[in-house]
Amino acid sequence: MKEIIVLAEHRRGELRDVTWEMLSKGRQLAEGMGAEIGVALLGKGVGQLAEALKPKAHRVLLIEDDRLEVYNSETYEKVLTQLITERKPFLTLIGHTAMGMDFAPGLAAHLKMPLATDCIGIDAAGETLSLTRQLYGGKVNATVSFLKKGPHMVTVRSGAFPVVEKELLPGELVKLPSALTDEGLAKRFLQYVEAAVGEVDITQADILVSIGRGIKEADNIPMVKEFADAIGGTLSCSRPVVDKKWLPKDRQVGTSGKTVKPKVYIAIGISGAFQHIAGMKGAGTVIAINKDPKAPIFSAAQYGIVADLFKIVPILKDKVKELKQK
Amino acid sequence: MNIIVCIKRVPETADADVIIGKSGKDIDKSGLAFDLNEWDSYAIEEAILLKEKLGGTVTVLSLGGEDSNESLRKCLAMGADDAIRLTDPAFEGSDGGVIAKILAGAIQKIPYDLVLTGTQAEDDGYGQVGVVLAELLGIPHAALVNRLEAQDKKVTIHRELEGGLEEVFEIDLPAVLTIQTGINEPRYVSIMGIRKVAKKEIKTFGTSDLNLKAEDVGLSGSDIQLEKIFLPPVGEGAEMLEGKPEEIASKVFDILKDKGGLA
Ligand SMILES: Cc1cc2nc3c(=O)[nH]c(=O)nc-3n(C[C@H](O)[C@H](O)[C@H](O)COP(=O)(O)OP(=O)(O)OC[C@H]3O[C@@H](n4cnc5c(N)ncnc54)[C@H](O)[C@@H]3O)c2cc1C
Ligand SMILES: Nc1ncnc2c1ncn2[C@@H]1O[C@H](COP(=O)(O)O)[C@@H](O)[C@H]1O
């Protein structure tokens, strides 16, 4: 039976959302081509996770080993090389996440398996796959095809595919032996380090005024801060503002920062890369201010203002102050 | 410590009006400014910081046309010792896997302890080349590195995960690390600084220098091919607030009162 394998991604005892998204997409593809869907789960003491996965797949391919207690590209590559070589799935789906980005390209190269990374669309005509990717920070989309015959590997962007509820699958538990030995590793896990806790918790704010690289210089931040103060908003930002050390890390919105759900999110001079949007798409209302009418942020906003932020923000501040007095 | 840094010259598109080119397979780059890939500017800075601390050399490698010399020179001005450009008409159409293969061919000719790449390129966004490179060189690696300490024969690195969490690994050298933005503050290079290295030789290598076969590079060696590009569907899109700035401001006030509980 033809099989699509999804790699379950989990960290510290919890399955990550991209797993369910891949299972949903994988199942739709499998149904379209008369294939079955298997989910590979690697870990130590992950029986409960296996139970949770069962209804979403024809089988859970479980590999338990003490040496898989935490993720390590080296152990993952060894174990998955054996699994894929033996089962020959038609397609392997892995998240394009901090974990997947660390090992999937190496695994594919090792297996000489054609790979397409960071896909936001996967369509199949028979066995021929057509993929959608983004280029230039999300400003254009591209249709991509495989030049070489399968089996293929695709890494999938988090949040790109919805989770569609369907009738339960049998979810047979298949325990497989681990390919690991006591041989030493060249890459050794030491510990996790938690994000530092800052003074301001942007996840609790009702109104966030968020700045991006469009702010150009640290000296321009007070201007936006005044506007934020005028509306009782809290200042947050995109990643480059933190990278440049203009604002502390705890103000960063996005996949590698915080996920926020304010009533109103005002994005100023932020282009709208998917890593940013992932952190703010839960906002009630999004207002985007950008001088580029094609900026991807406008497709994540309810209201858009095409303007130079240096001109419009001071006017916004004055107007709000004026109208509040009335 | 001898360090190799792979860098790419990319068009600056965040601020630009992006137009689809005639071929339908790429954007029209004629009016665009180009610069060093953002992630690579952090990679080269990290290499120079290590060199300043531990000694050794920094070699920069770039696969690209003659224009790439500009970015290679920028790296030399920042403090790199040598620059090599990989170029051949046969490289045209190479995907991420093939780019890694070509870079690996060049790296095998140079003694090294550490290879740094960016986490991803701003243009194609594969997020692939560094990790494939490690596989082809047969050495360990880590992606998304946002902190790095080098000891004698190993490095301790932090990998950035989702939500601000990090994981710490110890890795034996030689290794490949893909560098994440924010790991350092890339130094500024002045026009004077670039002028100083304007005459420095940039070696070039092609397919035959790298013991590669023409059919293994370019489109014929690639896994994937770009069929067409298009502007993303706008979806529901935003309601655009138009009019005089004061009118827009009044509308924003109304929205804030309506949706944000502005008192
Ligand atoms: C693994 C990984 C994790 C990441 N995590 C995050 C994350 O958590 N959060 C995050 O934000 N990013 C994250 N990124 C980075 C992300 O890919 C983008 O690089 C980043 O979001 C871009 O930030 P920006 O929109 O502020 O800058 P740019 O993309 O440079 O956009 C600047 C915008 O400002 C506009 N602008 C310029 N001048 C003006 C003006 N005068 N008036 C009005 N508009 C103006 C421009 O038109 C442009 O749209 C991550 C990347 C990776 C690889
Ligand atoms: N043409 C190239 N020349 C040199 N290095 C490259 C090239 N393309 C990609 N790289 C390196 O690989 C990294 C990741 O690129 P990518 O996998 O294309 O997203 C970049 O940050 C560079 O360090």
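Residues numbered from 1 in each chain as written. Chains lettered and ligands numbered in written order. Predicted model: local features only at pLDDT ≥ 70, side-chain atom pairs only at ≥ 80, totals over all residues. Heavy atoms only, no water.

1. Structural notes on helix α3 (residues 73-87) of chain A
All names here are of chain A.
1) Next: Helix length check: α3 (15 residues) gives 20 Å between terminal C-alpha atoms against 21 Å at 1.5 Å per residue, within 8%.
2) Next: By the N-cap criterion, in which a side-chain oxygen at the helix start approaches the backbone nitrogen of a residue two or three places on, α3 is capped by Asn 72, the distance to Glu 74 being 2.9 Å.
3) Next: Lys 88 lies just past α3 and shows a positive phi near 45°. (Helix = DSSP H or I, 4+ residues; strand = E, 2+ residues; numbered from the N terminus. Expected span 1.5 Å × (residues − 1). Polar contact = N/O pair within 3.5 Å; in protein donor to acceptor, adjacent residues only side chain to side chain.)

2. Structural notes on the pairing of strand β16 (residues 264-268) of chain A
All names here are of chain A.
1) Next: Burial analysis of β16 places 5 of its 5 residues in the buried class, the great majority of the element.
2) Next: Residues of β16 alternate between two faces, with Val 264, Ile 266 and Ile 268 on one and Tyr 265 and Ala 267 on the opposite face, all of them buried.
3) Next: As paired elements, β16 and strand β17 (residues 285-290) share 5 bridges and run parallel to each other. Each bridged residue has a counterpart across the sheet, and for Ile 268 the counterpart in β17 is Ile 289. (Buried < 20%, exposed > 50% of the residue type's maximum accessible area, 1.4 Å probe, protein only. Pairing = 2+ DSSP bridges.)

3. So, the packing of α3 of chain A against helix α4 (residues 100-111) of chain A
When two helices pack together, their arrangement is given by the angle between the helix axes and by the axis-to-axis distance.
Residue and element names in this part refer to chain A.
1) Next: Following both chains from N to C, one finds α3 and α4 inclined at 45°, their axes separated by 10 Å at the closest point. Classed by the angle they form, the pair α3 and α4 counts as oblique. Crossing angle aside, the handedness with which α3 passes α4 is right-handed. Taking contact as the criterion, the partners of Ser 73, Tyr 76, Glu 77, Leu 80, Thr 81, Ile 84 and Thr 85 in α3 are, on α4, Asp 102, Phe 103, Gly 106, Leu 107, His 110 and Leu 111.
2) Next: When its residues are assigned to classes, the contact of α3 with α4 shows 6 nonpolar, 5 polar and 2 charged. (Axes fitted to C-alpha atoms, helices over the stretch in contact; angles between N-to-C directions. Parallel < 35°, antiparallel > 145°, perpendicular 65-115°, else oblique. Left-handed = near helix turned anticlockwise from the far one by under 90°. Contact = heavy atoms within 4.5 Å. Nonpolar A, V, L, I, M, F, W, Y, C, P; charged D, E, K, R; others polar.)

4. Some points on the sheet that holds strand β1 (residues 3-7) of chain A
Residue and element names in this part refer to chain A.
1) Next: The 7 strands are arranged β7-β11-β6-β1-β4-β5-β12 in an open sheet whose pairing can be described as parallel. What marks the edges here is a single partner per strand, and that holds for β7 (115-119) and β12 (172-175). Looking at each pair of strands side by side, their axes are set apart by 20° on average, direction ignored.
2) Next: Of the pairings in the sheet, the one linking β7 to strand β11 (residues 152-156) comprises 3 bridges and is parallel in character. Across the sheet, Ala 116 pairs through a bridge with Val 154, a residue of β11.
3) Next: Against the sheet, helix α1 (residues 17-32) makes contact with β1, β4 (36-43), β6 (91-95) and β11, and its axis sits at roughly 170° relative to β1, the strand it touches most.

5. Considering the side chain of Ser 68 of chain B
1) Next: Relative to the elements of secondary structure, Ser 68 of chain B occurs in helix α2 (residues 68-78).
2) Next: Residues contacting Ser 68 of chain B, with those up to four places away along its chain left out, are Arg 9, Ser 62 and Arg 85 of chain B.

6. Side note on the domain arrangement of chain A
Residues and elements named next belong to chain A.
1) Next: Domains assigned within chain A are domain 1 (3-175) and domain 2 (202-325).
2) Next: Each partner contributes to the interface: domain 1 provides 6 residues, whereas domain 2 provides 5 residues.
3) Next: Together domain 1 and domain 2 conceal approximately 450 Å² of surface at their shared face, both sides included; 59% is due to carbon and sulfur atoms.
4) Next: The largest share of the area that domain 1 buries against domain 2 comes from Gly 137, Lys 139 and Arg 157, three residues that together contribute 68% of it.
5) Next: Run the count over domain 1 and domain 2 and you get 1 salt bridge.
6) Next: Between Lys 139 and Asp 292 there is a salt bridge, and its shortest N-O distance comes to 2.6 Å.
7) Next: If you look at where domain 1 meets domain 2, you find 1 residue pair in polar contact (both at pLDDT 80 or more).
8) Next: Classifying every residue of the side of domain 1 that touches domain 2 by side-chain character gives no nonpolar, 3 polar and 3 charged. (Domains from an automatic or database assignment. Buried area = accessible area lost by both parts, 1.4 Å probe. Salt bridge = Lys/Arg side-chain N within 4 Å of Asp/Glu carboxyl O.)

7. Considerations on the site of ligand 1
1) Next: Around ligand 1 lies a shell of 32 residues, among which Arg 213, Ser 238, Ser 256, Ser 271 and Asn 290 of chain A are the nearest.
2) Next: Mapping the residues near ligand 1 onto chains gives chains A and B.
3) Next: A distance of 2.8 Å is found between an oxygen atom of ligand 1 and a side-chain nitrogen or oxygen belonging to Gln 252 of chain A.
4) Next: The backbone of Gly 257 of chain A places a nitrogen or oxygen atom 3.3 Å from an oxygen atom of ligand 1. (Near = heavy atom within 4 Å.)

8. Remarks on the site of ligand 2
All names here are of chain B.
1) Next: Cys 6, Asp 40, Ala 121, Asp 124 and Gly 127 are the nearest of the 20 residues found near ligand 2.
2) Next: A distance of 3.1 Å separates an oxygen atom of ligand 2 from a polar atom in the side chain of Asn 37.
3) Next: In this structure, Gly 127 approaches ligand 2 through a main-chain N or O atom, which is 2.8 Å from an oxygen atom.
4) Next: About the coverage of ligand 2: the protein hides 99% of its 480 Å² of free accessible area.
5) Next: At the level of elements, β4 (58-63), α3 (96-107) and β6 (114-118) are the ones that each hand at least two residues to the shell around ligand 2.
6) Next: Ranked by residues supplied to the shell around ligand 2, first place goes to β4 with 3 residues. (Areas by Shrake-Rupley, 256 points an atom, 1.4 Å probe, with all protein chains shown as cover.)

9. Looking at the packing of α3 of chain B against helix α4 (residues 129-137) of chain B
All names here are of chain B.
1) Next: The N-to-C vectors of α3 and α4 enclose an angle of 50°; their axes lie 8 Å apart at closest approach. The angle between α3 and α4 falls in the class oblique. For the pair α3 and α4, the sense of crossing is right-handed. Between α3 and α4, the residues in contact are Gly 96, Gly 97, Ile 99, Ala 100, Lys 101, Leu 103, Ala 104 and Ile 107 and Val 129, Val 132, Leu 133, Leu 136 and Leu 137, respectively.
2) Next: For the contact of α3 with α4, the class distribution of residues is 10 nonpolar, 2 polar and 1 charged.

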